[in-house]
Structure formats: C-alpha cells, structure tokens
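# Descriptive structure summary
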Amino acid sequence: MTTSYIYILIGLLLSLQPEISAGQAYPSGEKHFPATAVINVREKYGAKGDGSTDDTQAIQQAISENIGKDRTLYFPKGTYLVTQPIKWVHIVEQDSLWRARLTIQGQSQKETIIRLKDHLPEFSNPETPKACLATGSNKVNNKESKNGGGINAFNNLIYDLTIHTGNGNPGAVALDFVGTNLAGLRNVTIVSGDGEGVAGILLKRQGAGPCLFKNVTIRGFDYGIDVYGSEYSQTYEYITLKDQKKASIRNTSNVLSLRKIRSENKNAVPVILNARRKDLKSAKRPDNYGLITLLDAEFVKNGEPATISAIVNESDTNTQAGNLYIRNVAVKGYQRTMENQGSVAKGAKGSAIKEFVSTSVNGSASGNRADKPETFSLSIKETPQFHQNDLTQWASVTDFGASADDPNGDDTQAIQEALNSGKEVIFFPKGKFRYVISKTLVIKGNVRQLIGMQSGIDIGGKNDFSDSTQIAPVFRFEQGKHDTIYFERFNLSDERKSPFWGGVFIEHASSQVLVVKEIDNDVYARGKYFYQNTKGAGDLFLENVATIMPWNFAYAQHVWARQLNPEAHFVPLGKPIITQKGGSLWILGLKTEGPRTVLESDQGSVEVLGGFLYPVKNIQNRDLPAFISNKAKLKLTYVVNAYNPAASYTSMVSNGNKSSRRSISIDKKQFSNRGAGTAVPLYITTGEK
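Residues numbered from 1 in each chain as written. Predicted model: local features only at pLDDT ≥ 70, side-chain atom pairs only at ≥ 80, totals over all residues. Heavy atoms only, no water.

### Overview of the overall build of the chain
Keep this limit in mind: Counting from the N terminus, the helices are DSSP H or I runs at least four residues long and the strands are E runs at least two residues long. Classification of residues uses two cut-offs on accessible area relative to the type maximum, computed with a 1.4 Å probe and protein chains only: under 20% is buried, over 50% is exposed, and between them is partly exposed. Any two residues whose heavy atoms approach within 4.5 Å at even a single point are treated as in contact. The Shrake-Rupley method, run with a 1.4 Å probe sphere, supplies the accessible areas, and residue values consider only the shown protein chains as cover.
If you tally the helices and strands in the chain, you get 3 helices and 50 strands. Per-residue burial for the chain yields a buried fraction of 65% across its 689 residues. In the chain, 74% of the contacts between residues at least 6 apart in sequence involve partners at least 24 apart. Of the roughly 24,400 Å² of accessible surface on the chain, a fraction of 47% belongs to carbon and sulfur atoms.

### Re the nonpolar core
Threshold: The criterion is simple. A nonpolar core is a set of buried Ala, Val, Leu, Ile, Met, Phe, Trp, Tyr and Cys residues joined through side-chain atoms within 4.5 Å.
In terms of nonpolar packing, the biggest core is built from 76 residues, with F213, Y236, I261, L294, F299 and I311 touching the most fellow members. Those residues in contact with L294 that sit more than four places away from it in its chain are L258, I261, I272, F299, I311, Y325, I326, R327 and V329. If you look at the next biggest cluster of nonpolar residues, it comprises 72 residues, including F428, I506, F627 and Y638.

### So, the layout of surface pockets
Our working definition: In this analysis, the protein atoms alone were mapped onto a 1 Å grid. Cavities are point sets where a 1.4 Å probe fits without being able to get out; pockets are open sets with protein on both sides within 12 Å along at least five of seven lines; lining residues have an atom within 4 Å of a point. Grid points are joined across faces, edges and corners, and a volume is the space filled by probe spheres set on the points. Amino acid classes used here: Ala, Val, Leu, Ile, Met, Phe, Trp, Tyr, Cys and Pro are nonpolar; Asp, Glu, Lys and Arg are charged; the rest, including Gly, are polar.
The volume enclosed by the second largest pocket comes to roughly 520 Å³. Of the residues assigned to the lining of the second largest pocket, the class counts are 11 nonpolar, 8 polar and 5 charged.

### A short note on the environment of V331
Relative to the elements of secondary structure, V331 occurs in strand β24 (residues 323-332). In sequence terms V331 and I311 are 20 residues apart; their C-alpha atoms lie 9.8 Å from each other. Not counting residues within four places of it along the chain, the set of residues in contact with V331 comprises F299, A310, T337 and S351.

### Quick look at the pairing of strand β46 (residues 633-640)
Rules: Pairing between strands requires that DSSP locate at least two bridges from one strand to the other.
Counting buried positions along β46 yields 7 of 8 residues, so the element is predominantly enclosed. In this structure, strand β44 (residues 605-613) lies alongside β46, joined through 8 bridges in parallel fashion. Residue pairing across strands places E607 opposite K635, the latter belonging to β46. Sheet topology note: the β46/strand β50 (residues 677-685) ladder contains 6 bridges and is antiparallel.

### Observations regarding helix α3 (residues 412-419)
Counted residue by residue, α3 has 6 buried out of 8 residues, so it is predominantly covered. Of all the residues in α3, the buried ones are T412, A414, I415, Q416, A418 and L419. Those residues of α3 hidden inside the fold are in contact with β29 (425-427), β30 (434-437), β31 (441-445) and β32 (449-459).

### Some words on the pattern of salt bridges
One side chain can pair with another of opposite charge once the charged atoms of both are near each other. Formally: For this document, the term salt bridge refers to a Lys or Arg side-chain nitrogen within 4 Å of an Asp or Glu carboxyl oxygen.
Scanning all chains against the criterion turns up 30 salt bridges. Between E518 and R186 there is a salt bridge; the shortest N-O distance is 3.1 Å. Placement of the pair is E518 in strand β36 (residues 513-521) and R186 in strand β14 (residues 180-191), with a sequence separation of 332 residues. E543 is the partner of K214 in a salt bridge, and the nearest nitrogen-oxygen pair spans 2.6 Å. Linking K214 in strand β16 (residues 212-219) with E543 in strand β38 (residues 540-547), this pair joins segments that are 329 residues apart in sequence. E543 carries the same exposure label as K214, and that label is buried. Each member of the salt-bridge network shares a partner with another, and the members are R186, K214, E237, R259, D296, E382, E518, E543 and R562.

### Points about the sheet that holds strand β19 (residues 247-252)
Taken in spatial order, the 10 strands make up an open sheet running β6-β11-β13-β15-β17-β19-β21-β23-β25-β26, and their pairing is mixed. Of all the strands in the sheet, just β6 (86-87) and β26 (343-344) have a single pairing partner and so form its edges.

### Thoughts on the side chain of N169
Mapping N169 onto the fold places it in the loop between β12 (154-164) and β13 (172-176). When residues no more than four places from it in sequence are discounted, the contact partners of N169 are L116, K117, D118, H119, L120, F123, E196 and G197.

### Description of the packing of aromatic side chains
To keep things clear, this is the line we draw: Centres within 6.5 Å are what make two rings of Phe, Tyr or Trp a pair, Trp counting through its six-membered ring; a difference in plane orientation under 30 degrees is then read as stacked, over 60 as edge-to-face, and the rest as tilted. We call a charge positioned over a ring when the NZ of a Lys or the CZ of an Arg lies within 6 Å of the ring centre and within 35 degrees of the ring normal.
Under the criterion given, the structure shown has 25 aromatic pairs. Aromatic ring contacts, followed pair by pair, group F465, F500, F505, F530, Y531, W551 and F553 into a single cluster. If you follow R250 out to its NZ or CZ, it ends over the ring of Y223, 4.1 Å from the centre.

### Observations regarding the environment of T678
With respect to the secondary-structure elements, T678 resides in strand β50. T678 gets classed as buried once you look at its relative accessible area, which sits at 0%. Residues T678 and S648, spaced 30 residues apart in sequence, show a C-alpha to C-alpha distance of 8.2 Å.

### A few points about the confidence of the model for the chain
Detailed reading of the predicted coordinates is not advisable wherever pLDDT is low. Rules: Confidence scores labelled pLDDT are given residue by residue by the predictor and lie between 0 and 100.
Residue-level pLDDT values for the chain average 88, and 87% of them are 70 or greater. Taken together, the stretch residues 1-25 has pLDDT below 50 and engages in 67 contacts with residues farther than four places along the chain or on a different chain. Confidence drops under a pLDDT of 50 for residues 363-374, and excluding neighbours within four residues, the segment shows 33 contacts in the predicted structure.

### Some points on helix α2 (residues 56-66)
Counting buried residues in α2 gives 8 out of 11 residues, a clear majority hidden from the surface. Taken as a whole, α2 has its buried residues at T56, A58, I59, Q60, A62, I63, S64 and N66. Note on α2: the residue one or two positions beyond its end, G68, has a positive phi of about 80°.

### Quick look at unusual backbone geometry
Cis geometry is adopted by the peptide bond preceding P210, which originates at G209 and carries an omega value of 0°. With respect to the element layout, P210 can be found in the loop between β15 (199-203) and β16. A cis amide bond, omega 5°, links E231 with the succeeding residue Y232. The phi dihedral of Y238 falls on the positive side, at around 55°, and the residue is not glycine.

### Observations regarding the environment of I437
Note on placement: I437 falls in strand β30. Under the relative-accessibility criterion, I437 is labelled buried at 0%. Along the chain, I437 and A414 lie 23 residues apart, while their C-alpha atoms are 9.9 Å from each other. Residues contacting I437, with those up to four places away along its chain left out, are T412, I415, I457, D458, I459, G460, F465, V474 and F475.

### Overview of the side chain of S629
Rules: N or O atoms within 3.5 Å of each other form a polar contact, as long as, within protein, one can give a hydrogen and the other can take it, and as long as residues adjacent in sequence are counted only when both atoms are side-chain atoms.
Relative to the helices and strands, S629 resides in strand β45 (residues 625-630). Judged by its relative accessible area of 0%, S629 is buried. Within polar-contact distance, the side chain of S629 engages the backbone nitrogen of A632 at 3.1 Å.

Below is the structure:
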C-alpha cells in the first residue's frame, strides 16, 4: 500500500504571489450587435431602464416568450428596476413550465444593471430566500420541474451586465442558477448595496453544471458562491470576491475547478469552505465528498488579521473529507493558510502554497514513488478575446439567401458566399429551425469571427459527409488574414438524421489560432469526429464546449480548454473520447459521460485540473482504463461519479507501450470513495523511462 501523503511547499516571499488584478482578466467593454442578431427588450417589450420605472413585467414577458428557443435578449445600457423574482418560466402566476435555452446579453458589464428595488418585503427573510433572477431547466423524462431544477438546463447564458440586489433585502439571492453542458456567465458583476443577502450566486438545485463562470465579480452577501449537490461540476476563472460574511465560496459535495480567484475581505471568514453534507445517513453516497482544484489565486484579509484559516476542508466522523488539489496560492492577513480535515495542514502558517494535495498521490507505473511525486505543470495561456463593435464589418448569412426558417432548404451556397464577402464577422440570425449544410464550408480570407447567436446547424439529406471511408469536414478553417479566428455560439447537430458517417464538424487546417466558445454538439450527431487537426495547425482554445463525438488531435498541437464536456454517446466501442498524438493538452474543468476511455495520449503531455468522469452505464469491459498513456506525461485531478460498482472504472491508467500496457488498478485504500466511484486529488505518470 502506498503511504498517504501530503505534498506541500510553503513560500515565504511575495515573489511567489501570482499575478492577479482585482478586476477582470480582460476589459469587457461594450457589446453592440446588429438588430437582427438579438431581441432588444426596450424596443420589443417596452422596458425603460431608467432606474425608476418598474421593468419587472416587461423583462418577465421577454423571458417567458423566448425561453426554450435559444434566443438572445439584449439589454442596452441602463438600470432596469425590478420588484419581484424574475424566473425562466412560461406561466408566472402558477410558477410553472420552467424552461432553459435563453441568452441574456447586456451592452455593458458596468452600465447595464438589473436592480432590485430597496426594502422589498418579499426579500426580507434570509430563512426563505428569494432570487432576483432564477434560470430553469426543460422537462426531464417528459416531467415538468417543480422548482426549475433539472438536468436539461442547456444553454442558459448571461453576458456583460450587473445584477444588483439593492439595499435592505437580506433574504435576496442575486442569481439562482441552473445550467448544464453549455451554460454560465461571462463579464458579470453581482452586488449587494448594503452587503446583506444570502448569496451572490446560488447553485443548489439539480442541474448546477457543468458550466463556466468567467470574469465575475461578487461584492457582499453571506456567501459569494454557494454550491450544494454532487453533480455535475463547475469551472470558474477570473473571479473576484469581496466582503462576504460567512465564506466567499462554499462547496458542498460538488467538483469545482478554480483559477485566478481573488478574495478581498474585511470580515474574518474563510475564502474557501469545502463542506461536507450533514443531512445524509449513508457515507457511501457520492454526495458527501467534493473536490476543489484551485490554482493561481490570491486571498487578502483587510484590517485586523484573522485568526482562522483562509481555506477549510471539512471532514466527517469517519475521517473522510472533501478533496483538494491546490497550486500557487498567496495568502495575506490570515493566521493559517489552510485547515485540512480538522487540523492545521503541515506548514500552513506561511504566506503561500506552492502545491498541496489533501490525501495521497499515486505515482506512475514507470517507477515514480507515490510519496515523492515528480510534479510537472504545463504552461498556461489566456484565451484571446474579440468583439467587433463596428457593425459595418458584420455580414448576415440571411443577406446572401440563407434561411433558418425553411426546414427543407439547403443553405450551403449562401453561407459560403457570406464567408467570401470580405467581412470580418459572419453571423447567423436565429430562426425557427436550423441552417442546413450539405458540403464543406471553407473559412479563410478576411473572416475573423463566426458567431451563431445559438443558431442550429443541421446536415442536409444529400450531402458530402455520408461516406465513412472519406472524412469530410463541415467547417474547414484554412489559412487566412488574421492571427486568430473565433467560432462561437452554435448548436451543431444532425437532427434530420441524415447520413453523416464521414463527417467532422470542425477541421483546423491553418497555422492560425482557433478559439471555439459556447458550442453545443447535439444528440443526433453521428459523425466521425467533432474536431480534427492537420499537420501544423495553430494553437486551439476551447471554452464552454459540449460534444458527443470523438476528438482527434492527430498531430502535435497546443490546446487549452476551460469547461470541456466531451460525452461518449457516439464514440465507438473500444475507442477513446479524445485521442492525442504528441503536443500538449491543458484542461481546467472536464466533464465526461458514457462508459468509454476518456483519453489516449501517445507521447503527449496532459494536465486535467478538475475532472468529473461519469460513466453512467455499466462498463462491460472491466479492464477498461479511464486514461491510456503511451509514453505520455499525465497529471490528473478528478473524481469518478458512480452509483454502483459496475458503473465505475477499476483501472485509472493503462501505462506504457501499446504492445505492453500495464494497467494500474484503483486502490481504495489510497483514495477516498465517492459512492461507488473514487476521488483522485492527484495522479501523475511521466511515461516509461
């Protein structure tokens, strides 16, 4: 048995402090869109945004009429006063028919404000909290949700605005969020006027993840972010938290991947509280134990130094606890950096944590000792950002004859003409149906961004993708004028169930950097791959991408992913979801679904920082490993979520040459149980020596 080990290095110099600004990673700026790309809540629904008119009815009507349709509601600059909870429901009076699939797009993070009126009786009691905004889920198994929670909370997205809960509303929650697969927030500020309130973001209903929160600031409340429940993981990057009263982030049982977190607090409370559930009788259920992966963070206690720990990892009576992997965290103003399982972590009185693992570390089959891991970390690049506010550089595919209102049409030629128009931004207005493509679309020249506004792409009945022996891409990115190309806000599917056996949705065939964001690959896509590269392909950045087809990194490439959800619905038996040949793959927040090997790496380097592996069904091949390493370097932090042993991996990594692999079985004595699954706070393999 490998000895349980805590690996921690404490730095005493400020030079170890990570570079983090108190504001956003990237200035969000203003966002302008063509009129046909969005629905303006002022123009269509009469919202005033003047700070004095009650806009509750106008906003609720806009939401109720557009949820479930993947439409985008646009809020111009202004203060939109509300007096009642705004919900993702069709029938407000009955609080029923909750739905998902709606985007809220503000013009400005600072100057588009949805504000709760001061001193509202409905928001006065913290024991019965009410949300200013509450997203919802579609029906699950043809049953309506009673509280809006559910696993079909797809495409709930909020961008570029502020949610303000006013003054004198101690029972307020700014945002009660559910969102699955493709969901989250970007460039959002959440504020309590007087610091009172239950939570900035509450994630307690079913369907809280996987999702991505990026560039979010939260000021005030008891909890900045309050998470409860074991499924299905969340990813946070560039989060600023200020002056919470109980904890900046409380996680009860879920899997959180955190990077670039800054806390500034005048109150003596923990920044991170990895809490255990106290309402469960059975310790075997997966709900008891969460996993937090935290890197590149800075926690500052202002005023009098706190006599508590900045990070608290709770344990239960069986001495099992939540799991932590922490790297590069600077702490100031707290007596201790960390309390782990009821006691102060060894050396945790310093000002910085270089690397920490809460339980055991498992070495590789090549001879690394688990009590002396050879840690490595991949370099991290920030995702490039772009938005073109010069609307003369936008071209709509509908201006060239494409139409998402004709289910029997073929839009290939019209879309290609738009791509050849010389405009920088090509956008796809939302229609009643989907745009139909039957041949490869080539993106090159002056095209800088394709933005779908959550429009759907479907495959035509007669198409060039039907031959399984001839791989054919739907979108092929060839060499163009700009250094970086952006592809975002699309739903890619084969809803018509057309022959798509040789289809690849994205082929990266240029040295340009490609950024893929907010993409959903729907349940009917039965093609060869979702993504494949060619030799010499440029860097790839992925954010908030959910797919059901295999990924093929056939050539060495550098990839950075935030909130990647590759599911295995149409991954052939015996094949991995992700195949990598050389190069590097860095993932912050990985959620899988289906009984398949997650990744096979051939001499590549892989770092998974916070994984939620969910086989769902029984794994028929009990020797099936979660990961395969062919002389690859792997650094993995993850959990396996399972409710029965047959639906959990018994082998973590098959390591070595293809001809002589050696499987490393999970040693239940080394790692914490998570129901019938396992929590792996750190696993390292450096390949054969």
